[in-house]
Each structure stands twice: as structure tokens, then as C-alpha cells.
Amino acid sequence: METELSKEVIMRNYQEITDRLAAIGLMGEAKYQFLPGPLGLTITKEDKNELESIGSTASVFVRRVRNWYDEEKTKSRGSRLAALLEKGVPSEYVKASTSTSLPFTMMVDTVWTSLGWRIVEIDVTNRNAMGYPLVMRHIYDLSSVWRGIDHAWREEGWSGVIQVMADHHRFYEPYFRFFLKQLGGELVTEADLPDWIRQNHLSIYKLLDLPILFRSKAVLPELLALSQAAKVAIPPVHALSSKAVLALPWESEQFGGDPIMKYVPETRFLWRVFTPPGKEFFVKLLQSGGAHGTFHNDHEKLERFLMERRPQAIWQEALPLAQRSIAYLTSDNQLITENRFVRISIFITEHGEVVDADATASPGTIVHGSKQSIMTVPVLM
């Protein structure tokens, strides 16, 4: 359905959006293409309240998991559950994760369902998407429903932060640079890291995070050692970003009945001792970014994971996803309104305050950024 706006307004909006995208570096390359959502994703006051309740509940849950994880690591015989969280995390980072602090901000992915907003992922070490809400608000000239992630970081003393960018995160570079510009920060690429370390003393710096650097093992010990004296906004507790965390309320008696279960669908470790219930499901790799490796209701792929001796993925009951109305601009300057499956990623502080959010709308049930997806921010009705 075409939305009622004058042709002049539509054309002006489209040109302004493309100009802003080009200035940021998001035009030209196919990997950065998506459908513009200039009107945002409209949410109600009730939506806002529920998202804030999710943020508060998630932060308490993450703190419980962090305390439990630290205790599990001290066991002389080790911990099977803690080992599952650490799967895919290089040992250097596991050993370095000694700080008891939580990240200043964390990301919680929520989807819209017939039951309301529900959690599909909690990412404790996410830095990839922090520029998304800022970029989307900038290109569409929209206001933030909350105080804004850039304002929150500045107000809490994280201006001038240094970000080390791993090679495998290069896709996010335009978003990183836009975020850092708001903070007066600096981006250091993995290739430039050895020279940068030799020329700087990290103890006087504030670091955004310590991403996993698969190609820099030679310099990694020095970086991790120096970072012990620096302030780190997102400590390298990469184990807590494992999707195994979401299974704890169903797999560990200690987390049984946790309030987070109100917002998370039944989630189990997927391996050969697990008998899946006869329900629709999603399968997600324990350590993966975004929707990589995720599939929906594919029984043939499911059987392969059921042959594993140790869990490589989680089984998650499919939520009753519902669609919401959202408008987008086509390449020929038409503003179209459709019903789509939607995700809102909220950014919360360690105390559970929602400080920002972005929104994605897709035609399929696995909602992720792509050429067919609408990318925007929530706007309050």
C-alpha cells in the first residue's frame, strides 16, 4: 500500500537520505544496501514500558549469570556449563576475563509476537551495532525514544574512548566511525595495532572493548596485559555472549524460575541426548554473530546437530511471531507501507536502563539486516 505523501516530499526525503548515506560511506557497496525506513517503526507507550521491563529483567539476569560464571570457574574439576559458554572463545580471553564489572551497555534483541515483545538474544560484548541507532536517526532526521547511546556514553565519562577494530568486524567500520565521532574517540585497526601499541601507553586510555583478534596472536599478550591498567567500557567476558546463556534457566537448577523466562522461549542445548519436543523451532550456533548459522524448522539440519557428542548449538522454541505495519522507500522513490516481522534491539546499561534502540523489519521470520530488510529506529506514537 502506498502511503499518502506528496511526490515532492518523497523525492526530497529520498535524496536527503541517499546524500547522508553517501557521506557516512554506506552507498555504493552492495553489502551496505537496505530499505530505508524514514518514518521509523511506530511503538506505543505500552511497547516502551514492556521494552524497559525487558531491559531491567535482562540486566539482573546477566548479573546473576556473571556471578555464577565466576564461581564456576573456581571449581577444581571445572564446570561443564561454564565450558559450554566458553566454547569458541580463545583461551587468552577466558583467562583475561577476571574483572567483575559488567559492560557499560549491552544489547538485547527482541522480536514482536502475539504475546508482546520477547527476547531472542542477549549480547553482553556487542559493539557492532552501537552505531546503528545513531546512523539511522541521522539519515532519517528522527528523535530518540530514550536518551541516546551517545549521550549516555558521554555522560558516564566514556568520551575520548579508543576502539580496536578486529579484521572480521570491518563490515561495521562506517558505523564504528560514526559512533566514535560523537564521543571524540579513535579507531585503531587490527593491522595498525602493533605500531599503535608501541607508540602509546594503554594505562592512560579508555578502551571501548577488547574484541577477539584471531590474526594478532603475537601482539595479543601485550595488549591484554596493558589493558589491565586501562578502563574498558565492555570487558572481554565473551563467554557471556554465548547463546548458551539463554539455555541456563532450562538447563541449570540454579536458574530455574528466573524472571527472564517470562521473555525468553524455551531454550535447550542441542546434542544427541536431547529429544526435541514436537514444536516449531529455531537452531542457533553457540558462538555466532547475528543470524549466521541460524535456521528455522529445518528437521534435516536438526538431525545433524543431534549427532554431536557435545552441544554446538541451542534449540529454541519458535515464538508466535506477529507482523507490524512499517513504511519504507523504494529505489524509485515510492513510500510503501507493509506488514513485516520486526526486531527491536535495545541497548541497556548494567543497571537495566534502556538508553537507545534500533529496529529491523524483514519479510521472513529470521529478522536480520539485508537488502530486503527495512532498517530504522523506533518512534513513539
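The present account deals with the structure reproduced in this document. Computed from a predicted model, the values in this text were never measured in an experiment.

Attention shifts here to a positive patch on the surface. A grouping of Lys87, Arg272, Arg309 and Arg310 is seen on the molecular surface, where their side chains present a positively charged patch. Within the secondary structure, arginine 272 sits in the loop between strand 9 (267-270) and strand 10 (281-285).

Once that is clear, we can look at the nonpolar core. Counting residues in hydrophobic clusters, the biggest one holds 86 residues, and the most contacted among them are Val65, Leu85, Ile122, Leu193, Ile344 and Ile346. With 8 residues, helix 2 (residues 45-73) is the largest single contributor of residues to this core. In contact with isoleucine 344, other than residues within four places in its own chain, are Leu41, Ile43, Leu51, Val108, Asp109, Thr110, Trp117, Ala357, Asp358, Ala359 and Pro378.

With that settled, the discussion passes to the packing of aromatic side chains. With the rule as written, the count across this model stands at 14 aromatic pairs. Considering the side-chain rings of tryptophan 68 and phenylalanine 255, the 5.7 Å spacing of their centres and the 80° angle between planes classify their relative orientation as edge-to-face. Taken together, the residues tryptophan 68 in helix 2 and phenylalanine 255 in the loop between helix 10 (248-251) and strand 9 connect sequence positions 187 residues apart. Both residues of the pair, tryptophan 68 and phenylalanine 255, belong to the buried class. On the numbers, 6.1 Å between centres and 40° between planes, the contact of tyrosine 172 with phenylalanine 176 is tilted. By relative accessible area, tyrosine 172 is classed as partly exposed at 21%. What links up through ring pairs into an aromatic cluster is the set Tyr32, Tyr132, Phe171, Tyr172, Tyr175 and Phe176.

Tracing the backbone shows glutamine 372 in the loop between strand 15 (354-362) and strand 16 (374-376). As a C-alpha pair, glutamine 372 and serine 362 span 10 residues in sequence and 6.7 Å in three-dimensional space.

Here we take up the pairing of strand 5 (residues 162-165). Of the two faces of strand 5, both are covered, the one formed by Ile162 and Val164 as well as the one formed by Gln163 and Met165. Two strands pair when backbone bridges link them, and strand 5 and strand 6 (residues 186-189) are joined in this way by 4 bridges, in the parallel orientation. Bridging from a neighbouring strand, glutamine 163 pairs with leucine 187 of strand 6. Between the parallel pair strand 5 and strand 6, the chain is carried across by helix 7 (residues 173-183), and the sense of this crossover is right-handed.

Let us look at unusual backbone geometry. The phi dihedral of asparagine 297 falls on the positive side, at around 55°, and the residue is not glycine. By the element assignment, asparagine 297 lies in the loop between strand 11 (295-296) and helix 11 (299-305). Unlike most non-glycine residues, asparagine 333 shows phi in positive territory, near 70°. Assignment of secondary structure puts asparagine 333 in the loop between strand 13 (323-329) and strand 14 (335-349).

Calculation rules
- Residues numbered from 1 in each chain as written.
- Predicted model: local features only at pLDDT ≥ 70, side-chain atom pairs only at ≥ 80, totals over all residues.
- Heavy atoms only, no water.
- Patch = residues over 30% accessible without salt bridge, like charges linked within 9 Å, V, L, I, M, F, W, Y side chains within 5 Å.
- Areas by Shrake-Rupley, 256 points an atom, 1.4 Å probe, with all protein chains shown as cover.
- Salt bridge = Lys/Arg side-chain N within 4 Å of Asp/Glu carboxyl O.
- Lys, Arg positive; Asp, Glu negative; His and termini not counted.
- Charge placed at Lys NZ, Arg CZ, Asp CG, Glu CD.
- Helix = DSSP H or I, 4+ residues; strand = E, 2+ residues; numbered from the N terminus.
- Core = buried A, V, L, I, M, F, W, Y, C linked by side-chain atoms within 4.5 Å.
- Buried < 20%, exposed > 50% of the residue type's maximum accessible area, 1.4 Å probe, protein only.
- Contact = heavy atoms within 4.5 Å.
- Phe/Tyr/Trp six-rings, centres within 6.5 Å; stacked < 30°, edge-to-face > 60°.
- Pairing = 2+ DSSP bridges.
- Right-handed = clockwise from strand over helix to strand, strands pointing away.

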